[in-house]
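Single-letter residue listing:
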Amino acid sequence: MPELLDKSLLLVTGKGGVGRTTVAAALGLKAAGEGRRTIVCEVAEQERLPTLFGGTQAGHHERELAPGLFGISIDPERAKEEWLRYQLGSALAGLLGHSRIFQYLTAAAPGLTELVTVGKVWELAQLQRKTAKASPYDLVIVDSPATGHGVAMLRAPRTFSEVARVGPIHRQAATIHRFLTDPAATGVLTVALPEEMPVTETLELGGRLREEMGMRIDRIVVNQLLPERFSGAEAGRLESVDGRGSPAIRAALSEYRRARLQRSQLRRLRRAAEAPVTTLPFLFATDFGQRQLEALAARL
Amino acid sequence: MSAHRVLARKQVCICAGSGGVGKTTTSAAIAAGMAARGRKVVVLTIDPARRLAGSLGLPELGNEERLVPGDFGDGELWAMMLDAKRTFDQLIEWHAPDEETRDAVLGNRVYQELSNAVAGSQEYMAMEKLYELHQEGRYDLLVLDTPPSRNALDFLDAPRRLSSFIDSRSFQLFTVPGRLGLRVLGRGTGLVFSAMQRATGINLLQDLSEFFRSFSGMAEGFRERADRVNALLADSRTAFLLVTSPDAAAVDEAIFFHHRLLDTGLPFAGAVVNRVNPLAAADGSGDGEVAELLGDVLGRKVLRNLEDYRLLAARDRDSVKRLRSTLGRKPMICVPELDDDVHDLAGLERMNEYLFGEGT
């Protein structure tokens with residue numbers, strides 16, 4: 001794990017519902033705790049981090065969530081404005097910003113949202129920030145959109161650099177693409193659950209990243225692994241005992257079966273995946289906040 | 001409430017919800033359940049990750065429907081995975097007034113790069129395919145598995161966005177040959193364009209303008225079709241089903257999406273809550289006996305485990321109650337957490353004991 005936190009950009013990917021945001025936040029806490037100035041980016045109109053840290057939403061602002069740990073939910077509209085201002089200076093950018101034609105065109109141009117989003121991520125990861133008076137970060141962590149759309153986002157810079165053969169879009173998109181695919185600068189961490197479909201998708205994602213982007217998964221984190229509370233012998237006793245209809249025994253047997261099923265999926269993932277696999281425990285808790293995040297961070 | 005009753009008079013069922021709540025599995029289960037009740041059903045997914053094929057026991061899915069092997073009595077179950085690029089190409093072929101225009105669009109680099117690379121186009125193409133299949137009338141019921149809900153909102157907007165863009169002045173402008181269109185709009189526009197060229201690189205602009213120009217012959221066809229797709233979504237024979245898990249964030253999304261459906265006047269039909277902890281609130285009598293029966297060590301472990309499960313069950317009950325209270329009189333079906341993963345037809349059948357059971 002330490003080698004990943006030393007990169008400039010860490011993409012946290014994975015299927016929806018596997019706990020990507022949680023893992024991204026826990027990684028952020030760990031990196032910040034080790035003295036790195038860190039920011040976790042949420043994209044695609046998602047903003048769950050501030051709530052996890054017990055705060056209110058701040059949108060497209062870099063805001064400190066915990067000592068040394070910042071958060072932002074990237075708004076493509078704002079990212080587009082920032083990019084134009086940087087590209088053209090504020091006068092022309094203002095002109096375009098007020099032009100209805102331009103608004104229509106950029107709203108209709110497919111893939112532009114993905115491009116400016118990933119462009120903002122890139123900007124945050126630069127030592128020389130393009131945003132005025134902004135301080136650089138040691139590490140940028142991205143809570144990427146769910147698997148399929150996540151790859152579409154990563155592909156956007158190359159697509160645009162190919163469509164625009166010359167000119168500033170071509171140059172910048174190509175620079176961003178190089179940064180994303182440079183293993184020294186950018187790391188990929190995939191979150192999965194120890195279940196059939198998330199494991200299958202994780203393996204598929206590895207293939208797609210390699211084929212479509214020439215990237216590889218650096219580490220897989222398997223989230224919500226149930227403890228093995230009961231041995232096979234104990235489960236056998238529970239099955240044969242008189243009170244097996246009781247809720248207590250039903251819950252114990254359910255726990256046993258699910259934990260065993262999880263272990264077999266975990267083995268399957270470990271056998272087939274190229275990246276090393278780390279596990280995080282299932283937390284039996286009714287609410288989820290900074291304390292739980294810190295517990296997970298300690299395990300990473 | 002049973003899914004059978006919810007869908008009795010429906011021809012289209014759209015399953016929407018956030019990621020990881022079992023939407024793909026639920027879509028497949030509902031389709032299989034309706035097929036087992038004598039209907040000819042097709043389930044289509046636009047999820048770029050290929051999940052549906054696995055759970056239906058098909059080696060893979062393509063842009064054409066495939067018959068799912070299995071015993072569905074008089075019914076049939078078909079499945080397909082949408083290939084957005086292929087569907088887009090077919091649409092161009094369909095709408096192009098002549099071969100020259102067709103080739104100009106299909107050969108345009110902007111079109112080639114963007115028609116398959118982009119998340120947004122996928123949602124739009126799903127709506128297109130849904131409409132096409134509905135028009136063909138070969139199925140009694142179409143079940144659509146949508147991408148996670150924020151994107152699902154995109155797909156609701158997609159047909160409307162396209163038609164309003166085609167109506168817009170900027171589109172007209174691009175379809176006028178040469179720089180004539182720009183001159184018509186006056187000097188300010190020229191300034192905007194030179195700024196745009198500096199921001200984008202002139203080639204991109206030329207390609208775009210070429211694309212829109214060749215596209216213009218088809219614009220009317222596209223617009224009409226987008227309007228008809230919108231009409232199908234709002235039709236009373238269409239049902240939107242919200243799928244969620246008891247996870248607080250997923251329930252928030254479901255509530256958000258429910259409001260959105262009501263606001264846009266789309267036919268919301270009910271909600272499915274997956275993976276609900278099955279422990280009832282009253283479960284817990286006889287704990288003492290269990291401890292006695294099992295002896296000290298195992299007995300204590302079993303009781304401690306039960307405590308944890310009670311905690312999770314209580315959390316799930318709160319979530320379900322919160323969702324229930326926003327749904328009004330619309331049905332809600334709870335599917336308990338099953339001990340094994342649902343990833344094949346047998347698993348779908350187990351799920352359907354709840355989805356199609358009259359008891360809940």
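Residues numbered from 1 in each chain as written. Chains lettered and ligands numbered in written order. Predicted model: local features only at pLDDT ≥ 70, side-chain atom pairs only at ≥ 80, totals over all residues.

Participant: How should the overall build of chain B be read in this particular structure?
Facilitator: Broken down by element type, chain B carries 16 helices and 8 strands. The buried share of chain B, taken over its 360 residues, is 46%. Look at the contacts in chain B between residues 6 or more apart in sequence, and 75% of them connect residues 24 or more apart. (Helix = DSSP H or I, 4+ residues; strand = E, 2+ residues; numbered from the N terminus. Buried ≥ 20, exposed ≤ 12 C-beta atoms within 10 Å, placed from the backbone. Contact = placed C-beta atoms within 7 Å.)

Participant: What is the right way to look at the overall build of chain A in this model?
Facilitator: Regarding its fold elements, chain A presents 13 helices and 8 strands. Over its C-alpha atoms, taken along the principal directions, chain A stretches across nearly 80 × 40 × 35 Å. For chain A, buried positions account for 49% of its 300 residues. Within chain A, counting contacts between residues at least 6 apart in sequence, those at least 24 apart form 70% of the total.

Participant: Could you clarify how one ought to interpret the nonpolar core in this entry?
Facilitator: A general tendency of soluble globular proteins is for nonpolar side chains to be buried together. Residues B:Cys13, B:Ala31, B:Val41, B:Val143 and B:Leu355 are the most contacted members of the largest nonpolar core, which totals 75 residues. Those residues in contact with B:Val41 that lie beyond four places of it in its chain are B:Ala31, B:Met34, B:Ala35, B:Gly75, B:Leu77, B:Trp78, B:Tyr139, B:Asp140, B:Leu141 and B:Val143. (Core = buried A, V, L, I, M, F, W, Y, C linked by C-beta atoms within 7 Å.)

Participant: Honestly, unusual backbone geometry in this entry has me stumped. Any pointers?
Facilitator: It is generally the case that most residues other than glycine have a negative phi and that most peptide bonds are trans. A positive phi angle is found at A:Gln224, which is not glycine, with a value near 60°. As for its position among the elements, A:Gln224 is in strand E7 (residues 219-225). The exposure class of A:Gln224 is partly exposed, given the 18 C-beta atoms found within 10 Å. Positive phi, close to 55°, is recorded for B:Arg275, a residue that is not glycine.

Participant: I keep staring at the packing of helix H4 (residues 76-88) of chain A against helix H5 (residues 90-98) of chain A and nothing clicks. Help me out?
Facilitator: Residue and element names in this part refer to chain A. Two elements in contact, H4 and H5, have axes whose closest approach is 7 Å; the angle formed by their N-to-C orientations is 140°. Relative to H5, the element H4 lies oblique. The way H4 lies across H5 gives a crossing that is right-handed. Two secondary-structure elements touch here, H4 through Glu81, Leu84, Arg85 and Leu88 and H5 through Ser90, Leu92, Ala93, Leu96 and Gly97. Grouping the amino acids of the contact of H4 with H5 by side-chain chemistry returns 5 nonpolar, 2 polar and 2 charged. (Axes fitted to C-alpha atoms, helices over the stretch in contact; angles between N-to-C directions. Parallel < 35°, antiparallel > 145°, perpendicular 65-115°, else oblique. Left-handed = near helix turned anticlockwise from the far one by under 90°. Nonpolar A, V, L, I, M, F, W, Y, C, P; charged D, E, K, R; others polar.)

Participant: Would you mind going over the sheet that holds strand E8 (residues 332-336) of chain B with me for this structure?
Facilitator: Strands pair in a sheet through their backbones, by hydrogen bonds, and they do so in one of two ways: parallel or antiparallel. Residues and elements named next belong to chain B. Spatially, the 8 strands line up as an open sheet ordered E3-E4-E2-E5-E1-E6-E7-E8, and their pairing is mixed. Two strands lie at the open edges of the sheet, namely strand E3 (66-67) and E8, each paired on one side alone. When E3 meets strand E4 (residues 76-81), the two strands line up antiparallel, connected through 2 bridges. Bridge pairing in E4 places Arg66 opposite Ala79. Sitting on the sheet, helix H13 (residues 248-264) is in contact with strand E1 (12-16), strand E6 (238-244) and strand E7 (268-276), with an inclination near 160° to E6. Helix H16 (residues 345-355) contacts E7 and E8 of the sheet and is inclined by roughly 140° relative to E8. (Pairing = 2+ DSSP bridges.)

Participant: I would appreciate a short explanation of the packing of helix H10 (residues 196-213) of chain A against helix H12 (residues 247-272) of chain A in the present structure.
Facilitator: If you want to describe how two helices pack, look at the angle between their axes and the distance between the axes. All names here are of chain A. Across the interface, H10 lies against H12 with an axial gap of 10 Å and an inter-helix angle of 10°. Judged by the inter-axis angle, H10 sits roughly parallel to H12. Side by side, H10 and H12 meet where Glu196, Val199, Thr202 and Leu203 of the first sit next to Gln265, Arg268, Leu269 and Ala272 of the second. Partitioning the contact of H10 with H12 into residue classes produces 4 nonpolar, 2 polar and 2 charged.

Participant: What is the right way to read the sheet that holds strand E8 (residues 277-281) of chain A from this model?
Facilitator: Residue and element names in this part refer to chain A. As summarised here, the arrangement of the 8 strands in space is E3-E4-E2-E5-E1-E6-E7-E8, forming an open sheet in which the pairing is mixed. Every interior strand has two partners, whereas the edge strands, strand E3 (63-66) and E8, have only one. The average angle at which neighbouring strand axes cross in this sheet is 25°, direction not considered. Across the sheet, H10 touches strand E1 (9-13), strand E6 (186-192) and E7, and the angle it forms with E6 is around 160°.

Participant: What am I meant to see in helix H13 (residues 290-299) of chain A here?
Facilitator: Side chains of residues three or four places apart in an α-helix project in the same direction, reflecting 3.6 residues per turn. Residues and elements named next belong to chain A. Inspection of H13 places Leu293, Leu296 and Ala297 among the buried residues, and these make up the whole buried set. The arc that holds the buried residues of H13, viewed along the axis, is 105°, so those residues lie on one side. Those residues of H13 that are exposed and angled more than 90 degrees off the buried face are Arg291 and Ala298. Elements in contact with the buried residues of H13: helix H2 (20-33), helix H3 (49-52) and E8. (Arc of directions from axis to C-beta.)

Participant: Where do I start with the pairing of E7(B) in this structure?
Facilitator: All names here are of chain B. Pairing geometry for E6 and E7, over 5 bridges, is parallel. From the neighbouring strand, Leu241 faces E7, where its bridge partner is Gly270. Viewed along the sheet, the connection from E6 through H13 into E7 turns out right-handed. Direction of pairing for E7 relative to E8: parallel, over a ladder of 4 bridges. (Right-handed = clockwise from strand over helix to strand, strands pointing away.)

Participant: Whenever I open this one, the environment of A:Gly207 confuses me. Can you help?
Facilitator: Considering the arrangement of structural elements, one finds A:Gly207 in helix H10. Between the alpha carbons of A:Gly207 and A:Arg78 there is a distance of 33 Å; along the sequence they are 129 residues apart.

Participant: Would you explain H12(A) in this entry?
Facilitator: Relative to the 38 Å expected for 26 residues at 1.5 Å per residue, H12(A) spans 37 Å between its end C-alpha atoms, a close match to the ideal helical length. Taken as a whole, H12(A) has its buried residues at A:Pro247, A:Ala248, A:Ile249, A:Ala251, A:Ala252, A:Glu255, A:Tyr256, A:Gln262, A:Gln265 and A:Leu269. (Expected span 1.5 Å × (residues − 1).)

Participant: Looking at this model, I keep getting lost on the environment of B:Val42. Mind explaining?
Facilitator: Residue and element names in this part refer to chain B. Tracing the backbone through its elements, the reader meets Val42 in strand E2 (residues 40-45). Classification of Val42 by C-beta neighbours within 10 Å gives buried; the count is 24. Counting along the chain gives 224 residues from Val42 to Leu266, while the straight-line C-alpha distance between them is 22 Å. Non-local contacts of Val42, meaning those with residues more than four positions away in its chain, are made with Glu65, Trp78, Ala79, Met80, Leu133, Tyr139 and Leu142.

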